[in-house]
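A closer look at the structure
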Amino acid sequence: MQLCEVMSNDEMIDQIPASKIRPLNSTDEIVVPNSKITSLSVPEPSDVPDLAEDVNANHMPQVIDKIKKIWDLDDPDFTEDEKLFYYWHKRLRHAPKKHIRRLAKRGALPKRLQFVKRMPICAACAFADAAKRRSYRNDHKSIRKQDDYPGSGTSCDHIISHEPGLIPQVTGRLTHARYAGAIIFSDHYLDYTYLHMITSTSTEETMIAKRAYERVAKEHGVSLVKHYRADNLRFNDTEFQEDCVKNGQTFNYCGVGAHHQNGLAKAKNKTLSYGARKLLLHACRKWPSVIKRSLWPYALSADCKRHNELSLNEDGKSPLELFSGIDEEITCNDFHTWGCPVFVLDKANQSGLTGTPKWEPRARAGVYLGHSPSHADNVALVLNLQTGH
């Protein structure tokens, strides 16, 4: 009896006798009775081959191969440049197509990618970006006319997560503390975004985030952040207001129930949340036994870094370059697919004095979680699967 294997995420979930499989009248489903699954759904693109004539006992393995080819990008209809474009889309943290084309035009990626018109559908982006169509146009703006230079105006907002986020540790016993969210600061003029993780929405955490943003701004040549636009919440506390008055800063808030008046921060909140969700969904689909939702702080930070360094405008400048006024070399090879496995040389083999036993592994496996904020740009954050550090 001939058996057909049903695969999901590169794992066999069932074996089906080929004689039991029958097609529906429609060509987009194959019925599998008395199985762990009831049907195999086939994607809808027009270039998907017609499966109706192949669904029979003798050709069922070929049908399964065709379905796998659609998802594994082996379809000959996709050119090598389109596959390369999709490869960099995943590696650059699911960057939008226009930003990949601008990176290619600048020379950070192969030049030919700027002429690619289409790309295979990214499943993670399709699931993460799904939203209902807006039935109205919001004309309210949170940017003032005088916000025409770096630091002239900043919108800030909280990102709250109901899933506790893992706090990074290098040494010591693992803490039970977890991140509860983040605070974003977005410059009105240049779209530069600073992200600060928080363990609570207390006033103390908010003030720490504010001072950290002003310190980073000063490091990039912005001596003073002159104005803040925010929701009420903790930004309306006395300590925040007094600190602004002390530093010669102005502030205002959106009205009650009128969060669109802080639209810039809300839009940035949505952009970063959607981007982090793409990274998590894609990585979890590829490595479900390791990638968990508690890694969202790393995904959020990785997407914020991608926005600041790789979201080029029409002139080929990134928000970070515009904010600091310094042109920096973009090295796309330092970016890797978020959540992918990496192999780190064992500590005993790094010193050069001693090493691991001859027949023992010389490296350990880990999870790539983006770039380290405390080291050089090419130093990665790697989660140790054995210790959790």
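Residues numbered from 1 in each chain as written. Predicted model: local features only at pLDDT ≥ 70, side-chain atom pairs only at ≥ 80, totals over all residues. Heavy atoms only, no water.

A separate point is the pattern of salt bridges. If you walk through the whole model with that rule in mind, you get 15 salt bridges. Put simply, Glu 214 and Lys 210 hold a salt bridge, and the shortest N to O gap is 2.6 Å. Taken together, the residues Glu 214 and Lys 210, both in helix H5 (residues 203–219) and 4 residues apart, mark about one turn of the helix. Of the two residues, Glu 214 and Lys 210, neither departs from the other in class, the shared state being buried. The residue Asp 327 makes a salt bridge to Lys 317 at a minimum N-O spacing of 2.8 Å. With Asp 327 in the loop between helix H9 (319–324) and strand E11 (341–345) and Lys 317 in the loop between helix H8 (296–310) and H9, the pair connects residues that are 10 residues apart, well separated along the chain. In this structure Asp 327 comes out as exposed when scored by relative accessible area, which is 56%. Classification of Lys 317 by relative accessible area gives partly exposed; the value is 27%. (Salt bridge = Lys/Arg side-chain N within 4 Å of Asp/Glu carboxyl O. Helix = DSSP H or I, 4+ residues; strand = E, 2+ residues; numbered from the N terminus. Buried < 20%, exposed > 50% of the residue type's maximum accessible area, 1.4 Å probe, protein only.)

Once that is clear, we can look at the layout of surface pockets. If you add up the space inside the largest pocket, you get close to 1600 Å³. In terms of lining residues, the largest pocket is bounded by 44 residues, among which His 371, Ser 372, Pro 373, Ser 374 and Leu 381 are the most central. When residues of the lining of the largest pocket are traced back to their parent elements, those giving at least two are strand E8 (193–198), H5, H8, strand E12 (363–371) and strand E13 (380–384). The element that contributes the greatest number of residues to the lining of the largest pocket is H8, accounting for 8 residues. Classifying every residue of the lining of the largest pocket gives 22 nonpolar, 15 polar and 7 charged. (1 Å grid on protein atoms, 1.4 Å probe; cavity = no way out; pocket = protein on both sides within 12 Å on 5 of 7 lines; lining within 4 Å. Points joined across faces, edges and corners; volume = space filled by probe spheres on them. Nonpolar A, V, L, I, M, F, W, Y, C, P; charged D, E, K, R; others polar.)

Turning next to the sheet that holds E13. Taken together, 3 strands build an open sheet; the order of strands is E11-E12-E13 and the sheet is antiparallel. Across the chains shown, the open sheet's two edge strands, defined by having one partner strand only, are E11 and E13. Direction aside, neighbouring strands of the sheet carry axes that sit 55° apart on average. Summarising the sheet, E11 and E12 pair through 5 bridges and their orientation is antiparallel. If you follow Leu 345 over to E12, its bridge partner there is Ala 363. (Pairing = 2+ DSSP bridges. Axes fitted to C-alpha atoms, helices over the stretch in contact; angles between N-to-C directions.)

Take the packing of aromatic side chains next. Within the structure shown, the criterion is met by 9 aromatic pairs. Measuring from centroid to centroid gives 6.4 Å for Phe 185 and Tyr 228, while their planes differ by 70°, and the two rings are edge-to-face. In this pair, Phe 185 is assigned in strand E7 (residues 179–187) and Tyr 228 in strand E9 (residues 227–230), connecting sequence segments 43 residues apart. Residue Phe 185 is classed as buried on the basis of its relative accessible area of 0%. Both rings, one in Phe 251 and one in Tyr 253, keep their centres 5.8 Å apart while their planes meet at 55°; by these two values the pair is tilted. A relative accessible area of 22% places Tyr 253 in the partly exposed class. Over the face of the ring belonging to Phe 240 we find Lys 210, whose NZ or CZ atom lies 5.9 Å from the ring centre. The cationic tip of Arg 277 hangs over the ring face of Tyr 274; the distance from NZ or CZ to the ring centre is 4.5 Å. (Phe/Tyr/Trp six-rings, centres within 6.5 Å; stacked < 30°, edge-to-face > 60°. Lys NZ or Arg CZ within 6 Å of the ring centre and 35° of its normal.)

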